[in-house]
Amino acid sequence: MKVEIYDYLRRRGALKRRDVLKGMAGAGTLAAFSGVASGIGVRPVWAADNAGLRAEILKIPGVGMGSPTDADWQKVGGMTLGPTRETVAEGEFSGVELTFMGLNNQNLHNFLFRGFLKPWEAYTGATINWIDLAQADYNARLQQSIATGTVDFDIIEMGAPFEGDVLGRGMASEMPAWVAELIDMDDYVGYLKAPVGTWDGKTYRISIDGDCHTFAYRTDYYDNEEFAAAWKAAGNDSAWAPPTTWSEVNAHSKFLVGKTDPLTGLDAHGFLDPLKGWGGFGFYFLEDRATGYAKHPDDPAWLFDPETMKPRVNNPAFVRAIQEVMDLIDAGAYPADQINADPGTTAFQQFLAGTGGALTWWGDVGSNARTSDTSVVGDVVGFDIIPAGDAVWNSRTGAWEEGVNEAPNMAYIGWGVYVMATVDSDSKRQKAAWSAAAHLGGKDLSLWASAYPSGFQPYRNSHFRYEEWEEAGYDRAFVEDYLGSNADSYNHSNAAIEPRIPGIFQYYSVAEDELAKGFAGQYGSAQETADAIAAAWENITDQIGRDNQIKLYKASLGM
Amino acid sequence: MSEPGDLLHVVTADEISDQRRALGRVLVWGSFGLLVATFAVLGLAQADVIGLQLPNWRPALYAFLFWGTCLGISRVLLSGEQGKRSLFILPATLFVVATVIFPLIFALGIAFSNWNLSSLEGRSFNGLDNVRQMWSDPFYWNALGNMVYYTLAILVEYAIAFGLALILASNIRGRRFFRVAFLLPLMLSPVAVSWMIGKSMMEVRFGPLARLARWLGWDRPSFFGDPEIARATIMMMDAWTYIPFMMIMILAGLQAIPREIQEAARVDGAGGWRSFWEVTFPLMLPVSITAILIRVIFKLKLADIIINVTSGGPGGATDSVTSFIFREYRDRSNVGYGTLLAIVYLLLIVIAITVFMKLVDRWMNPRY
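Residues numbered from 1 in each chain as written. Chains lettered and ligands numbered in written order. Predicted model: local features only at pLDDT ≥ 70, side-chain atom pairs only at ≥ 80, totals over all residues.

A. Spatial organisation of the overall build of chain B. Of regular secondary structure, chain B possesses 16 helices and 2 strands. Radius of gyration (C-alpha) of chain B: 28 Å, far over the 21 Å computed for a compact globule of 368 residues. Based on the C-alpha atoms only, the size of chain B along its principal axes is roughly 85 × 65 × 40 Å. Expressed as a percentage of the 368 residues in chain B, the buried residues total 28%. Put simply, of all contacts in chain B between residues at least 6 apart along the chain, 67% involve residues at least 24 apart. (Helix = DSSP H or I, 4+ residues; strand = E, 2+ residues; numbered from the N terminus. Rg over C-alpha atoms; globule rule 2.2 N^0.38 Å. Buried ≥ 20, exposed ≤ 12 C-beta atoms within 10 Å, placed from the backbone. Contact = placed C-beta atoms within 7 Å.)

As structure tokens, then:
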């Protein structure tokens, strides 16, 4: 769970003492029925639906009882050690030393891992050394380690977009079958199942997080009777309701020009496109507009042609997405200075501060809307999967196919734990590394991580059992609202999953530069802008090595 | 050593034997040979020509330190007292060579390579391909063009800094307070300036500067929406940060001018403007040139404010060479091309600064 949600719940007092006690009593009853005693006497069982243990760990330290500490992380790590006990003898890894490289964002990630793995170290006898990296240093450190052949870590916390760089080079250790069974991978939400985490049919990743873009919109815009009347008066037949397609998004944005925001009394605006780059991450937001048009249900590829690596970014689908942004620029639908607004600005300085009617973002906007002190839209925000295209471009036939096409964008895919191939030469080290990774990606431990401040989002189907959250003391309506749009996106059959090929952020970064020129009017048209991006992408592909990119792209698509 | 002038500075006269000289030569050339051999072995090992597995290039560092030490000893063995004098400068020279010259040579090698960190093939020599790419790269030339605008803005900054320095040099009330107050922007990190001013005070809806602009009649204030305005805004933020630096240098220069000269000018009937233009300004030229030169060097490195506030936009209007190289290198891992751009930029700076100094020298010291 994100820190801010947790803090919000504590501040808001959503959790009364009575609720906590009620939750504890309920959990106690559950525990009694499942034969699991509470407190110290808990017998950690890792059976698939271990409700008793799950209820118990959700009480550490107890929602609303202060932020978890290292002692709590260790306690959780100890209680969820069952799978390790089943597969590793006590002291079996004595003398083994492993190095773990991960992040130190917000004093989470590696800090939690340390606590979770302390009991594992005590039980197995292995020792773990830690390399903590700031987010900003992470990419450079990883790329340099790869390029210079100085892989000085055995286990790594890594985002799926880097799988091309690491798995594609054969630098990771293949997941043993016993690990796959241990962590119950069938429980993963749809898009985290293969081919994500796999390469050439082999599995490498233990997921510990999920990521996707969802659509956030202002409910007060759509409850506003004046807007509804004006919408009808403008000759629109459709209802004044939250948009479900990008055509509607644009129509609403143009309609709102010159209107007054019902909440702030300032100018109303429609959809907020970030028009400035963000170190490559800004391209995800053009993808949001494009996936509905570009991701055909019968074709896993949507950004490149898998046979040639020819970019699809200048096909009619992407050109349409770019054109729609340009149309809104021409219509004056954006706030002033939007050309200088990156995704961080659209989310935190605009939408949460009451500017704009809708945007797409990761789960942070959903959580911050209600939990951030600077948000004014907490009570007037709704969520959905990102809008659909009202036609989809079929790259195989080279023709548009009419009809609504939903394609949620699984932007960044989420963090995972990977074991490096450096351990493969020593079976003891290999088993130790995978055992540690499996402990971190364990089913029950992950429930705790998704419910308490950890930096990770829910990513298993079992994380969306709202009754468990309610039992633990959370406000059910809030949790359902917050998680629902994510769950719908994760399990969508036509989810757009980004290519996990080497240098994917290089493609995004150069696209941002070209888009900035296009949006500033330096290219003659959307097509010209898209062609410039495609040309730059071709250069990157040639530089990295086309044949190899094709091979890796196909492998990442599971083709 | 035999000249009387030299002997005046020598505490003891050295009588160096042939044997000692020979030992000195053996030491310096022997250690140099070892250094070359170490580099050669490491290079061959890395190229898999010989079957030696070495985890890193640390032996080269040890060989370099050994050679440096032997070089120092040999200086004393060969030149006696004179050699001891060179020991004062030798460690610093070797350090500079190790940390500046060597990396520069390696950088040259990288600059003529195709090296994308994501490429499985690693680094490969690609001749002048990077130069050709640079030649046809509109982003680089656009950034260079912007640098001309940014650099020319220094003239305005200089005029403002001079004006402020004259005010602070005069007997105004609260002079000490203003000296500190005017220096405050210089104490701020450009990153802080980016966020405090560029992202907060200029925020179009709530920012106080945007409110002021609206109050003054600008309906939809936008400080970074139009290319020209965005470039001017970046210039102003950068100027606000660094004008105090020029101001403090000029102020120091003003305070060093003897009062008698000013008084003599006044006695001779020079008014305020004439006294400034014909006395103060010429006397301040050496300080001014130094201040401008250092400011130019700072300006050519301009990147942090741009990266934080505009990312080079809109459409590259505010991009600087450094911010472009940052994107090329950090976001795109394009090490070879990024290094070439940096090397070319370094050459351009060296040439431009040299020409500038020559012109200034001719102007200030005319040869009749």
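Once the structure has been displayed, the description carries forward.
B. Main features of the overall build of chain A. Along chain A, the regular secondary structure elements total 23 helices and 12 strands. Burial status across chain A gives 57% buried among its 559 residues. Put simply, of all contacts in chain A between residues at least 6 apart along the chain, 76% involve residues at least 24 apart.

C. Layout of the domain arrangement of chain A. Residue and element names in this part refer to chain A. When cut into domains, chain A gives domain 1 (79-211 + 415-490) and domain 2 (225-261 + 263-410 + 500-557). On a C-alpha basis, the centres of domain 1 and domain 2 stand 31 Å from each other. Elements supplying a minimum of two residues to the side of domain 1 that touches domain 2: α8 (163-166) and α20 (476-490). The element best represented in the side of domain 1 that touches domain 2 is α20, accounting for 8 residues. Residues of the side of domain 1 that touches domain 2, tallied by class, amount to 7 nonpolar, 7 polar and 6 charged. (Domains from an automatic or database assignment. Nonpolar A, V, L, I, M, F, W, Y, C, P; charged D, E, K, R; others polar.)

D. How the structure looks around the confidence of the model for chain B. With 96% of its residues at a pLDDT of 70 or more, chain B shows a mean pLDDT of 90. Predicted as a complex, the structure gets a pTM of 0.84 and an ipTM equal to 0.83. (pLDDT = per-residue confidence, 0-100.)

E. Quick peek at the nonpolar core. Core analysis: the biggest nonpolar cluster contains 163 residues, and Ile155(A), Ala216(A), Ala436(A) and Ala437(A) have the highest contact counts within it. Structurally, this core is a two-domain feature, drawing no fewer than three residues from each of domain 1 (79-211 + 415-490) and domain 2 (225-261 + 263-410 + 500-557) of chain A. Leaving out residues up to four positions away in the same chain, Ile155(A) has contacts with Leu98(A), Phe100(A), Val417(A), Val419(A), Ala433(A), Ala436(A) and Ala437(A). If you look at the next biggest cluster of nonpolar residues, it comprises 48 residues, including Phe223(B), Ile243(B), Ala317(B) and Val321(B). (Core = buried A, V, L, I, M, F, W, Y, C linked by C-beta atoms within 7 Å.)

F. Local environment of the sheet that holds strand β2 (residues 127-133) of chain A. All names here are of chain A. Read across the sheet, 5 strands follow the order β2-β1-β3-β12-β6 without closing on themselves; strand pairing throughout is mixed. Looking at which strands have only one partner, the edges of the open sheet turn out to be β2 and β6 (205-207). Within this sheet the neighbouring strands show an average axis-to-axis angle of 25°, counted without direction. Pairing analysis gives 3 bridges linking β6 to strand β12 (residues 415-419), with the strands arranged antiparallel. (Pairing = 2+ DSSP bridges. Axes fitted to C-alpha atoms, helices over the stretch in contact; angles between N-to-C directions.)

G. Spatial organisation of the domain arrangement of chain B. All names here are of chain B. By the assigned domains, chain B splits into domain 1 (4-132) and domain 2 (133-364). The gap between the C-alpha centroids of domain 1 and domain 2 is 40 Å. Contacts between the two partners involve 14 residues from domain 1, matched on the other side by 12 residues from domain 2. Listing elements by their share of the side of domain 1 that touches domain 2, those giving two or more residues are α5 (90-111), β1 (113-114) and α6 (129-135). Of the residues assigned to the side of domain 1 that touches domain 2, the class counts are 7 nonpolar, 5 polar and 2 charged.

H. Fine view of the sheet that holds strand β8 (residues 358-361) of chain A. Residues and elements named next belong to chain A. In space, the 3 strands of this open sheet follow the order β8-β7-β9, with antiparallel pairing throughout. Of all strands in the sheet, those bounded by a partner on one side alone are β8 and β9 (381-385). For this sheet the average axis-to-axis angle between neighbouring strands, irrespective of direction, equals 25°.

I. Examining the interface of chain B and chain A more closely. The interface is formed by 30 residues belonging to chain B together with 34 residues belonging to chain A. A total of 3 residues in the side of chain B that touches chain A trace back to one element, the largest contributor, which is helix α15 (residues 321-331) of chain B. In the side of chain B that touches chain A, the residues fall into 9 nonpolar, 13 polar and 8 charged.

J. Region of interest: the packing of α5(B) against helix α16 (residues 335-364) of chain B. Residue and element names in this part refer to chain B. Where α5 contacts α16, the two axes come as close as 7 Å, and the packing angle between them is 120°. Classed by the angle they form, the pair α5 and α16 counts as oblique. The chirality of how α5 crosses α16 is left-handed. Mapping the contact onto sequence places Ala107, Leu108, Ile110 and Ala111 in α5 and Val335, Gly336, Thr339, Leu340 and Ile343 in α16. For the contact of α5 with α16, a count of residues per class yields 7 nonpolar, 2 polar and no charged. (Parallel < 35°, antiparallel > 145°, perpendicular 65-115°, else oblique. Left-handed = near helix turned anticlockwise from the far one by under 90°.)

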